[in-house]
Structures are given as structure tokens and as C-alpha cells.
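Structural characterization, general
So you can see what is in the structure, the chains are spelled out below.
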Amino acid sequence: MILVAGSVNIDFAVQVQALPSPGETVLGGPYRVSPGGKGANQAVASARAGARVCFVGCVGTDDHGQQLRQALDAEGIDTAYLRSVADQTGAAFVTVGADGENAIAVSSGANRALQASDLPELGGVTHLILQLESPRDAICAFAQAAHRAGVHITLNAAPAQALDDGLLRLVDLLIVNAGELETLCGPQVGRDLESQLKVMAGRGPHAIVVTLGADGAAVWANGQFHRTAAFNVPVVDTTGAGDTFVGVLVASLPHMDLASAAQRASAAAALTCTRSGAQISMPHSPAIEQLLTT
Ligand code: ADP
């Protein structure tokens, strides 16, 4: 079973012609309200790819919290460890420009309440997925407990933040995009991808995958570096592509090697790009297999 611990948000998204500058008001189209948050998104992507998933996180006692719990339940995800706390449910306010560029403000709300004691018993858990939208203390405590229990740990180091080696040393698989990798490496490391990967591998993770948008992904494992091309699809909205990639890659790990899992994740992420929204645009297993075989 995969345990995903992290954020769960309600997303409010509005499409505008051009993103507003500071002090400016712009008029947009109809707004969309949909389930999101990196943790919940990755849990949904894993479940749709065929994995058994348990989600650990916090929602508020408001209507949005109830709605988000129901959305996860509807995916067959175990929400027994999704705690309701006396706060607002996390919310993301997303503005999307006509060129696909976005600007996002997040109100973390209940996500700030996640703590070490929220971690369930790890019996039956083979893989843990973490991101950086939750309190650092909780993330580190979860990683330590999982490491002790021999659970495979994937850290999606997003949003971009510097990290100390204490956490990185516990990580089996690090997944980042190019900007996040640069932030982790710091200014003293050059911009060459292979050099950045070597530096990061020296800091702990056994394997590293870097997502490169339309350029696919790069995989570093056992001292070897190789690239996976992106699938050529009609792109409508890339929201949720990174989360789909993470969820599907980890869901695939028990069944194939890392390179093949990255390819399956690329196919799933490409499909997410063909539709608007985060969770609502994520594919189920048959669509992923179909793209892989065409
Ligand atoms: P993030 O959204 O976290 O920055 P990326 O933009 O790197 O992540 O996208 C994650 C993955 O989604 C990529 O590795 C790729 O497989 C897929 N993807 C993203 N953009 C496209 C695209 N334009 N066409 C096809 N696949 C894409």
C-alpha cells in the first residue's frame, strides 16, 4: 500500500487574458472550484493508476473539508487518517493567463496542523510519498519513522525550498522539476543537469528524477543518467502534470524498474495536460496503457 502524506486544498481557478500586475484588477471568465493540494493530487493519481492508497492530512471543519474528504473517498482512497481540525480548509487561488502561465496564492489553513502523531501504523505500507506543502517537523518525523520501518520513501521537493541533508539522507527517491533542483543545489552548483544530479545524489537520495515539462524527464540511478521523452499530446492545461507524474511513478514502482515507471508516469502526466484542472484531469490506468502502446 502507498501512504501519501501532505496537503489537501480546495482550488479556485479563473482564466484571464493576462495575469494582473500589482495593484491591477483584471476581469476573467467563470471560476472553477475543484479539489487540489499536492498531497491529495498525488494520492488520486496513484489510486487511478491502480495502487491501494491511504492519505494522511488535515482538513477544516467547513464544507470544503467535507467535500474534499468525499472526493478522496470516491477514489477508493483510505481517509481514516485525514483529520478534521478547527480551522479553514486549505485553499489555492489560481489565476491562469491565456498563455497558460499562472499565479497562485495558497492559504494553508488546516494543512498547518499536520503533526508527527498523525502518522498511522506502517504495517502493510510499502511506499511513502511526501511533498513540502506541510510543516517540516511532521515531514521529517514521517520520513524517520518510515525509514526505520524499511518503507520506500519518495520526496517530491515541491514547492521549491532548500533542504538540509538530514531529510535527504532518508529519501530513496527524490522527484523535482528543474527549478526545484536548482533551489536544492544552491547558487554554487552550475546549471548543467548532470552536474546538479551528481551533487544531489551525493547528499543522500538513492535515485533522482527531474521532470522537464515538454522535454520529458531525466532519471539518475546507480550512477547512470538517462532521459525519457515527453509524449506528444495536444496540451490544454499543464496543472497537475507534476503531481500525476509523482503519483503514477510510485504506483508503478512495485511492478517495473525506475526507467519504465518514469515512462508510464510521463504518459499519465501528458494525458493530464490534455484536460483542464488538477485531479479532474488525471487519467485512469486503461488510458495510460493505451497511450503507452500507441
Ligand atoms: P511541474 O508541473 O511540477 O513543474 P513539469 O512541468 O516538469 O512539472 O511536468 C511534469 C511532467 O508532465 C513532465 O515530466 C512530462 O512528463 C509531463 N508534461 C509536462 N508538460 C508537458 C507537455 N507540454 N507535453 C507533454 N507532457 C508534458
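For the chain, the name recorded in an unreviewed UniProt entry is Ribokinase, with Deinococcus humi as its organism. Turning to the chain, the UniProt annotation filed under Catalytic activity (unreviewed entry) states: "D-ribose + ATP = D-ribose 5-phosphate + ADP + H(+)". Regarding the chain, the UniProt comment filed under Pathway (unreviewed entry) reads as follows: "Carbohydrate metabolism; D-ribose degradation; D-ribose 5-phosphate from beta-D-ribopyranose: step 2/2."

**Examining the UniProt feature "binding site: K(+)" (unreviewed entry) in the chain**
The residues that UniProt annotates with the feature "binding site: K(+)" (unreviewed entry) are Asp 237, Thr 239, Thr 272, Arg 275, Gly 277 and Ser 281. For this annotated set, covering 45 residues, all C-alpha atoms fall within 9.2 Å of each other, a compact arrangement in space. Residues within four places of Thr 272 in sequence aside, it is in contact with Gly 240, Ala 241, Thr 244, Ser 281, Met 282 and Pro 283. With respect to the element layout, Ser 281 can be found in the loop between helix H8 (258–273) and helix H9 (285–293). The class of Ser 281 is buried, set by 20 C-beta atoms lying within 10 Å. Not counting residues up to four positions away in its chain, the partners in contact with Ser 281 are Gly 240, Thr 272, Arg 275 and Ser 276.

**Concerning the environment of Ile 153**
Mapped onto the fold, Ile 153 is located in strand E9 (residues 152–156). Residue class for Ile 153 comes out buried when judged on the 21 C-beta atoms lying within 10 Å of it. Put simply, Ile 153 and Ser 195 are 42 residues apart on the chain and 23 Å apart in space, counted from C-alpha to C-alpha. In contact with Ile 153, other than residues within four places in its own chain, are Leu 128, Ala 143, Ala 146, His 147, Leu 170, Val 171 and Asp 172.

**Some points on unusual backbone geometry**
In this structure, the amide linkage connecting Ala 158 to the following residue, Pro 159, adopts the cis form with an omega of -5°. Relative to the helices and strands, Pro 159 resides in the loop between E9 and helix H4 (165–168). Positive phi, normally seen in glycine, also occurs at Asn 222, with a value near 50°. Structurally, Asn 222 is set in the loop between strand E12 (217–221) and strand E13 (224–228).

**Some details on the confidence of the model for the chain**
Atomic detail in the predicted coordinates should be set aside for any region of low pLDDT. Mean pLDDT over the chain stands at 95; residues scoring 70 or higher make up 100%. If you check the scores for this complex, the pTM reads 0.96 and the ipTM reads 0.98.

Cut-off values and rules
- Residues numbered from 1 in each chain as written.
- Predicted model: local features only at pLDDT ≥ 70, side-chain atom pairs only at ≥ 80, totals over all residues.
- UniProt positions renumbered as here; feature names shortened; annotations may be inferred.
- Contact = placed C-beta atoms within 7 Å.
- Helix = DSSP H or I, 4+ residues; strand = E, 2+ residues; numbered from the N terminus.
- Buried ≥ 20, exposed ≤ 12 C-beta atoms within 10 Å, placed from the backbone.
- pLDDT = per-residue confidence, 0-100.

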